[in-house]
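Structural features, examined
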Amino acid sequence: MVKSRPRIVAFLCNWCSYAGADLAGTTRIKHRAEVRVVRVPCSGRIDPTFILKAYERGADAVIIGGCHPGDCHYVSGNLHARRRFYVLRELLGFLGIEQERFQVTWCSAAEGEKWARTVDEVCDTIERLGPLESFKSMTDYLRIPEKEISLSDE
Amino acid sequence: MTSNLEEPLRAKAAELLSSGKVDLLIGYGRAFLGESVRPVFLRQDADTAKLIWNDRCAHNLATYLMKEPCLGLVKGGGRVAVVAKGCDIRAIATLIQENQIERDRVHIIGMACSGVRYDEDSRDMAIKCRGCEVQLPALYDDLIGSEADTGEVEGEPREDIERILALDRSARWEFWTRELSRCIKCYACRQACPMCYCGECITEKSRPQWIDKAASLKGNIAFHYIRAMHLAGRCVACGECARACPMNIPVDLLSRFLSRRVEEAYAYKAGMDPEADPFFLVNRQDDPGEFIR
Ligand code: SF4
Ligand code: SF4
């Protein structure tokens, strides 16, 4: 049987981690390719519903990338995000979803290396845990057939 | 069981209404069946005979402050009095913290409380009352009763959160899918909650639709996920959501758990200080961040 590849969605702040991921690309740092990046204006912009949607649509893990404390383009968006994601991580654990499937990283525009390492590590973790089955088993009735954006390459 | 606080409560209510200090008074009254209690809304001092106070007065009347006709009054320069237990006052304090009510638009009639019971024939105190810290309210305009009226709440302490934490990951998920699959999305829990006052709720928005509206397992988990997030650090553990649920889902478990984690990690407890900043409104440089890589 072919082992399924992990599917990871990353929400990255425009001012730091998105540029960091870009740097990883322009400087040709190799990292795992199973991550799909969504650019957001600030880690404080990331609503818990984004993360839920990612899981519902088949992500095995979500990575949040924001600026280091003190570096936020909007002064304190990342500090608001830190509180929010502390609570969200607790909720996921209490519901029975592995907390490892939800990762937060502070990654600056200069830290392409750190970004690459983060992606590799999260991919390894997800391979160890296996796919997130919790949401996959749920059928939504009232579902109209629609063309879904597939996250997998197949 | 009638309490000896009923007469002083009626006298205070009559005084407030006849003097015009308040336009409306929310209290407890007798319902149609047996010992059941329902909320009553009084406008004249002649009506105060309808007021009752006993151990069936479980409702958190703070909920009604954010609904008509009270909402129009508190936003429009009127004044509303609420008969409130210590736990209900935590909800009022949170509303004040969140700038939903100005402190002087609400007249809090604090009741010394010795616990409430839910069912008609239940001899047990409601589980939410076990280990109560606010039997004698700290925030009020008038206090009815005193230390002497706060009898001890009997019964085993509540340990439902611990029971979930003792489960392993897959057992937790199994528990939640079993419980939440019963939800019929009647939204009674949301309507009963004093902290769920948004005029437009994200669960009913469809452009874009973030929360699947169907009462399927997927939609139910989405609803309770966002409900819990929106109540973290705000839930005052009044238990009204679970009491309202027709499907017997322990709705308050998620929000109470998150509020407890917030209390442990940030030393912030909802509704204890009307002057404090709401939990999600502020942040500190030294907030917990060990989970961030
Ligand atoms: S979530 Fe439930 S227990 Fe918490 S404040 Fe709302 S109604 Fe009360
Ligand atoms: S009251 Fe119960 S059944 Fe109704 S929406 Fe809330 S959890 Fe679901």
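Residues numbered from 1 in each chain as written. Chains lettered and ligands numbered in written order. Predicted model: local features only at pLDDT ≥ 70, side-chain atom pairs only at ≥ 80, totals over all residues. Heavy atoms only, no water.

**With respect to the domain arrangement of chain B**
All names here are of chain B. For chain B, the assigned domains read domain 1 (6-149) and domain 2 (159-281). The centre of domain 1, based on its C-alpha atoms, is set 24 Å off from the matching centre of domain 2. Contacts between the two partners involve 22 residues from domain 1, matched on the other side by 24 residues from domain 2. Among the residues of domain 1 in contact with domain 2, Arg90, Gln97 and Glu98 are the three that bury the most area, contributing 34% of the side total. In this structure, the connection of domain 1 to domain 2 is made through two salt bridges. With a shortest N-O distance of 2.8 Å, Glu133 and Lys269 are connected by a salt bridge. Where domain 1 meets domain 2, there are 13 residue pairs in polar contact (both at pLDDT 80 or more). (Domains from an automatic or database assignment. Contact = heavy atoms within 4.5 Å. Buried area = accessible area lost by both parts, 1.4 Å probe. Salt bridge = Lys/Arg side-chain N within 4 Å of Asp/Glu carboxyl O. Polar contact = N/O pair within 3.5 Å; in protein donor to acceptor, adjacent residues only side chain to side chain.)

**Examining the interface of chain A and chain B**
Chain A puts 43 residues into the contact, and the matching count from chain B is 46 residues. Of the roughly 4,300 Å² buried where chain A meets chain B, counting both sides, 67% is carbon and sulfur surface. In terms of surface lost to chain B, no three residues of chain A exceed Arg83, Phe94 and Leu95 of chain A, which account for 22% of the buried area on that side. Linking chain A to chain B there are four salt bridges. Notably, a salt bridge pairs Glu121 of chain A with Arg293 of chain B, separated by 2.6 Å at the nearest N-O pair. Taken together, chain A and chain B are joined by 20 residue pairs in polar contact (both at pLDDT 80 or more). Elements represented by at least two residues in the side of chain A that touches chain B include exactly α2 (48-56), α3 (77-95), β4 (102-106) and α4 (112-129) of chain A. Per element, the largest residue contribution to the side of chain A that touches chain B is 16 residues, and it comes from α3 of chain A. (Helix = DSSP H or I, 4+ residues; strand = E, 2+ residues; numbered from the N terminus.)

**Here we look at the sheet that holds strand β1 (residues 8-13) of chain A**
Residues and elements named next belong to chain A. Spatial ordering of the open sheet is given by β2-β1-β3-β4, a layout of four strands whose pairing is parallel. One side of each edge strand has no neighbouring strand; the edge strands of this open sheet are β2 (35-40) and β4. Neighbour-to-neighbour, the strand axes of this sheet turn through a mean angle of 20°, independent of strand direction. Along the sheet, α2 contacts β1, β3 (61-66) and β4; its crossing angle with β3, the most-contacted strand, is approximately 150°. Here α3 sits on the sheet in contact with β3 and β4, set at roughly 160° to β4. (Pairing = 2+ DSSP bridges. Axes fitted to C-alpha atoms, helices over the stretch in contact; angles between N-to-C directions.)

**Some thoughts on the pattern of salt bridges**
Within this structure, the stated rule accounts for 32 salt bridges over all chains. Between Glu264 of chain B and Arg260 of chain B there is a salt bridge, with its nearest N and O atoms 3.5 Å apart. In this pair, Glu264 of chain B and Arg260 of chain B are both assigned in helix α9 (residues 252-266), four residues apart and thus about one turn of the helix distant. By relative accessible area, Arg260 of chain B is classed as partly exposed at 25%. Within the structure, one salt-bridge network assembled from shared partners comprises Arg5, Arg32, Glu34, Asp124 and Glu127 of chain A. (Buried < 20%, exposed > 50% of the residue type's maximum accessible area, 1.4 Å probe, protein only.)

**What to know about the sheet that holds strand β4 (residues 106-111) of chain B**
Across a sheet, paired strands are connected by hydrogen bonds in the backbone, their directions being either parallel or antiparallel. Residues and elements named next belong to chain B. Taken in spatial order, the five strands line up as β2-β1-β3-β4-β5 in an open sheet, and their pairing is mixed. The open sheet has two edge strands, β2 (37-42) and β5 (142-144), and neither has a second partner. Ignoring which end each strand starts from, the neighbouring axes of this sheet average 25° apart. Where strand β1 (residues 24-30) lies against strand β3 (residues 80-84), three bridges are found, and the strand directions are parallel. By the bridge assignment for β3, Leu24 is matched with Val80.

**Side note on the site of ligand 1**
Residue and element names in this part refer to chain B. Among the 13 residues in the neighbourhood of ligand 1, the closest are listed as Cys193, Cys235, Cys238, Gly239 and Cys241. Looking at the shell around ligand 1, the elements with two or more residues in it are α7 (217-231), α8 (240-244) and α9. Residues of the shell around ligand 1, tallied by class, amount to eight nonpolar, two polar and three charged. (Near = heavy atom within 4 Å. Nonpolar A, V, L, I, M, F, W, Y, C, P; charged D, E, K, R; others polar.)

**Regarding the nonpolar core**
In summary, soluble globular proteins display a tendency toward joint burial of nonpolar side chains. Ile51, Phe85 and Phe102 of chain A together with Leu65 of chain B are the most contacted members of the largest nonpolar core, which has 110 residues in total. Examining the composition of this core, we find that nine residues originate from one element, α3 of chain A, more than from any other. Residue-level mapping places this core at the junction of two domains, with at least three residues from each of domain 1 (6-149) and domain 2 (159-281) of chain B. In contact with Leu65 of chain B, other than residues within four places in its own chain, are Ile26, Cys70, Leu71, Val74, Val80, Val82, Ile92, Leu95, Ile101 and Val106 of chain B. Core analysis: the second largest hydrophobic core is formed by 14 residues, Ala24, Ile63, Cys107 and Val119 of chain A among them. (Core = buried A, V, L, I, M, F, W, Y, C linked by side-chain atoms within 4.5 Å.)

**Some remarks on the site of ligand 2**
Residues and elements named next belong to chain B. Close to ligand 2 lie 14 residues, the nearest being Cys183, Cys186, Tyr187, Cys189 and Cys245. If you list the elements that add at least two residues to the shell around ligand 2, you get α6 (188-192) and α7. Here the shell around ligand 2 is composed, by residue class, of 12 nonpolar, one polar and one charged.

**A few points about the packing of α3 of chain A against α9 of chain B**
Put simply, α3 of chain A and α9 of chain B touch, their axes get as near as 10 Å, and they point 130° apart. With respect to α9 of chain B, the element α3 of chain A is oriented oblique. Both α3 of chain A and α9 of chain B take part in a crossing whose hand is right-handed. Across the interface between the two elements, Arg82, Arg83, Tyr86, Val87, Glu90, Leu91, Phe94 and Leu95 of chain A of α3 of chain A pack against Leu253, Leu254, Phe257, Leu258, Arg261, Val262, Ala265 and Tyr266 of chain B of α9 of chain B. Residue classes in the contact of α3 of chain A with α9 of chain B are distributed as 12 nonpolar, no polar and four charged. (Parallel < 35°, antiparallel > 145°, perpendicular 65-115°, else oblique. Left-handed = near helix turned anticlockwise from the far one by under 90°.)

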